[in-house]
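Below are the chains, spelled out letter by letter.
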Amino acid sequence: ECYAPKYFDFSQFACVFCPNKQIYDISSKQCVDCPANLPYFDGKKCSACVTPTYFNSKSKNCETCPLGQTYNNISKACECQNNYFWDDRACVPCF
């Protein structure tokens, strides 16, 4: 018997973890991504990223925006804070 987050893989005859930070879905009997409201798999369970971090869907990690930027949930990107703009290298104050 396997215990979550592992499942029994009959081809390997062993309890294994899902690849790529996925979880095992008992009903579909396959590895799936964590749900959108709890996107980060911490090795034991799906969870939300804690502010000021955001979920990077490519790396599947909780990450922090570069200094001077904040994460915009609408654009899904790190952006310069108010009264700053991006000059192709960094956020700089508006004049």
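What you see is a predicted model, and the numbers here were worked out from it, not measured in a lab. The numbering scheme is per chain: residues are counted from 1 as the chain's sequence reads. The model is predicted, so local features are restricted to residues of pLDDT at least 70 and side-chain atom pairs to those at 80 or more, both for listing and for counting; the totals for chains, interfaces and linings are taken over all residues. For side-chain calculations, the full set of non-hydrogen atoms in the structure is used, while hydrogens and water are omitted.

Participant: What's the story with the side chain of Q69 in this structure? I'm lost.
Facilitator: The numbering of helices and of strands both runs from the N terminus, where a helix is a DSSP run of H or I of at least 4 residues and a strand a run of E of at least 2. By secondary structure assignment, the location of Q69 is in strand 9 (residues 69-72). A contact between two residues is defined here by any heavy atoms of the two lying within 4.5 Å. Setting aside anything within four residues of it in sequence, one finds Q69 in contact with C78, E79, C80, Q81, W86 and C91.

Participant: For this particular structure, what's the right way to read the packing of aromatic side chains?
Facilitator: The geometry of an aromatic ring pair is captured by the separation of the ring centres together with the interplanar angle, meaning the angle of the planes. Each Phe, Tyr or Trp ring (for Trp, its six-membered ring) is paired with any other whose centre lies within 6.5 Å, and the angle between the two planes then decides the class: stacked below 30 degrees, edge-to-face above 60, tilted in between. Tallied over the entire structure, the rule returns 3 aromatic pairs. Ring geometry for Y7 and Y24: centres 4.4 Å apart, planes at 5 degrees, overall stacked. With Y7 in strand 1 (residues 7-9) and Y24 in strand 3 (residues 23-25), this pair connects stretches of sequence that are 17 residues apart. A residue is classified by how much of its surface remains accessible, and Y7, at 16% relative accessible area, is buried. Y24 sits in the partly exposed class, given a relative accessible area of 27%. With centroids separated by 4.8 Å and ring planes inclined at 75 degrees, the aromatic side chains of F8 and F10 adopt a geometry described as edge-to-face. Given the relative accessible area of 63%, F10 is considered exposed. Relative accessible area decides the class of each residue, using a 1.4 Å probe on protein chains only: under 20% of the type maximum gives buried, over 50% gives exposed, and in between gives partly exposed.

Participant: Where do I start with the pairing of strand 10 (residues 77-80) in this structure?
Facilitator: Of the pairings in the sheet, the one linking strand 9 to strand 10 comprises 4 bridges and is antiparallel in character. Looking at the pairing, Y71 lines up with C78 of strand 10. At least two bridges found by DSSP between two strands are what make those strands a pair. In sequence, strand 9 turns back onto strand 10 through a hairpin of 4 residues, with K76 there showing a positive phi of about 60 degrees.

Participant: Explain the environment of Y7 to me, please; I cannot follow it from the model alone.
Facilitator: Taking C-alpha positions, Y7 is 9.4 Å from C31, a pair spaced 24 residues apart along the chain. Those residues in contact with Y7 that lie beyond four places of it in its chain are C2, A14, C15, V16, F17, C18, Y24 and C31.

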